[in-house]
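Structural overview for review
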Amino acid sequence: MEDIFRRISKGLLAILPFVILVWIFSFVYKMLAGIFFYLFGMTDSNLFATLFIMFCSLAILFYIGFLVEKNREFLLLKFTELVIERIPVVKGVYATVKDLIKIFSGGDKENYLGVAYVAFGGSKLIGFITKEEEDGYWIFVPTTPNPTTGLLLKIKKEEVELSNMSISEGLKKIISLGVK
C-alpha cells in the first residue's frame, strides 16, 4: 500500500509544475475546465461513471509515478518541457515553479537551506530560506493555512534563528494552524 501511495505522489509531483503552469495561464485552464465539465457533467447522477473516471485518473498518476521512478528521463515530460522552454514568458514561470516544487518535495537537497524563525512584532514566524547571500538570507514566509501565498523577505543573518525542522514539518505546522 505504501508503494502505491509513493508512486502516486511521485506521479503527482512529476506533473505538478504543469498543473501550476496551467493554473497561472487562465486561457488554458478555461479550455481544460470545459473538458472536465463535459466529462463530469454527464456523470452527475451516475456514481459508477464518476468512480470510474476517478479510478482512471489515479491509475494514470500511478503509471506516471512508476515511469518517473523507473526512468528519470520520462519521454512525455521531456517532450513537454522542450515545448515549454521555447515559449518566452512561460519558460521562466515554469522553471521557477519546477525548482520550488523540487525544493519543497525534498528532491533538491543541495539548494535547500532550511526552515527558520523570523522575528515579527515580538513573535516568531516560520519561513523557508530560499537563498543565502553575504549579508543575509532570502526567506519565504508563507501565510496560513494556504502556504502558496506569503511574503519574501531579505533578512540579516544575525536576525534569523535557524530551525531543525524539515520542510514537511514546517509546512504541516503552517497548514494545521500550529496544531500539529
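This report concerns the structure included in the present document.

Criteria and thresholds
Residues numbered from 1 in each chain as written. Predicted model: local features only at pLDDT ≥ 70, side-chain atom pairs only at ≥ 80, totals over all residues. Heavy atoms only, no water. Helix = DSSP H or I, 4+ residues; strand = E, 2+ residues; numbered from the N terminus. Buried < 20%, exposed > 50% of the residue type's maximum accessible area, 1.4 Å probe, protein only. Contact = heavy atoms within 4.5 Å. Areas by Shrake-Rupley, 256 points an atom, 1.4 Å probe, with all protein chains shown as cover. Pairing = 2+ DSSP bridges. Axes fitted to C-alpha atoms, helices over the stretch in contact; angles between N-to-C directions. Core = buried A, V, L, I, M, F, W, Y, C linked by side-chain atoms within 4.5 Å. Salt bridge = Lys/Arg side-chain N within 4 Å of Asp/Glu carboxyl O. Arc of directions from axis to C-beta.

To continue, consider the overall build of the protein chain. Helix and strand counts for the protein chain come out as six helices and five strands. Starting at the N terminus and ending at the C terminus, the protein chain contains elements arranged as α-α-α-α-α-β-β-β-β-β-α. By the burial criterion, 27% of the 180 residues in the protein chain qualify as buried. Considering only contacts within the protein chain whose residues lie at least 6 apart along the sequence, 47% involve residues at least 24 apart. On the protein chain, roughly 12,700 Å² of surface is accessible, and the fraction owed to carbon and sulfur atoms is 67%.

Structurally, Asp 135 can be placed in the loop between strand E2 (123–133) and strand E3 (136–142). Overall, Asp 135 belongs to the partly exposed group, its relative accessible area being 48%. Expressed as a C-alpha distance, the spacing of Asp 135 and Glu 158, which sit 23 residues apart in the sequence, is 9.4 Å. Beyond its immediate stretch of four places on either side in the chain, Asp 135 contacts Lys 154, Ile 155, Lys 156 and Lys 157.

Pairing is antiparallel in the open sheet, where five strands are placed in the order E4-E3-E2-E1-E5. Where the open sheet ends on each side, the last strands, each with one partner, are strand E4 (150–156) and strand E5 (160–162). Each strand axis lies, on average, 40° off the axis of its neighbour in the sheet, ignoring direction. Here helix H6 (residues 167–175) sits on the sheet in contact with strand E1 (115–120), E2 and E3, set at roughly 140° to E2.

This brings us to the side chain of Arg 7. Along the chain, Arg 7 falls in helix H1 (residues 2–24). Those residues in contact with Arg 7, other than ones at most four positions away along the chain, are Leu 61, Phe 62, Gly 65, Phe 66 and Glu 69.

Moving on, we get to the nonpolar core. Ranked by size, the top nonpolar core spans nine residues in total: Ala 14, Phe 18, Leu 21, Ile 64, Val 68, Leu 77, Ile 84, Val 90 and Tyr 94. Here this core gets three residues from one element, more than from any other, and that element is H1. In terms of nonpolar packing, the next biggest core, distinct from the first, is built from eight residues, Ile 129, Tyr 137, Ile 139 and Ile 155 among them.

Another aspect to go through is the pattern of salt bridges. Here the structure, examined in full by the defined rule, presents five salt bridges. Where Glu 133 meets Lys 131, a salt bridge forms, and the shortest distance between an N and an O atom there is 3.9 Å. The salt bridge partner of Asp 135 is Lys 154, with a shortest N-O separation of 3.4 Å. Note that Asp 135 is positioned in the loop between E2 and E3 and Lys 154 in strand E4, a separation of 19 residues in sequence. Through salt bridges with shared partners, a single ionic network connects Lys 131, Glu 133, Asp 135 and Lys 154.

Turning our attention to the side chain of Ser 163. Tracing the sequence through the fold places Ser 163 in the loop between E5 and H6. Those residues in contact with Ser 163, other than ones at most four positions away along the chain, are Val 115, Ala 116 and Tyr 117.

This paragraph deals with H6. Of all the positions in H6, only Ile 167, Gly 170 and Ile 174 are classed as buried. Each buried residue of H6 lies within a common arc of 70° when the element is viewed along its axis, so the set occupies one face. Leu 177, located one to two residues past H6, shows a positive phi value of around 65°.

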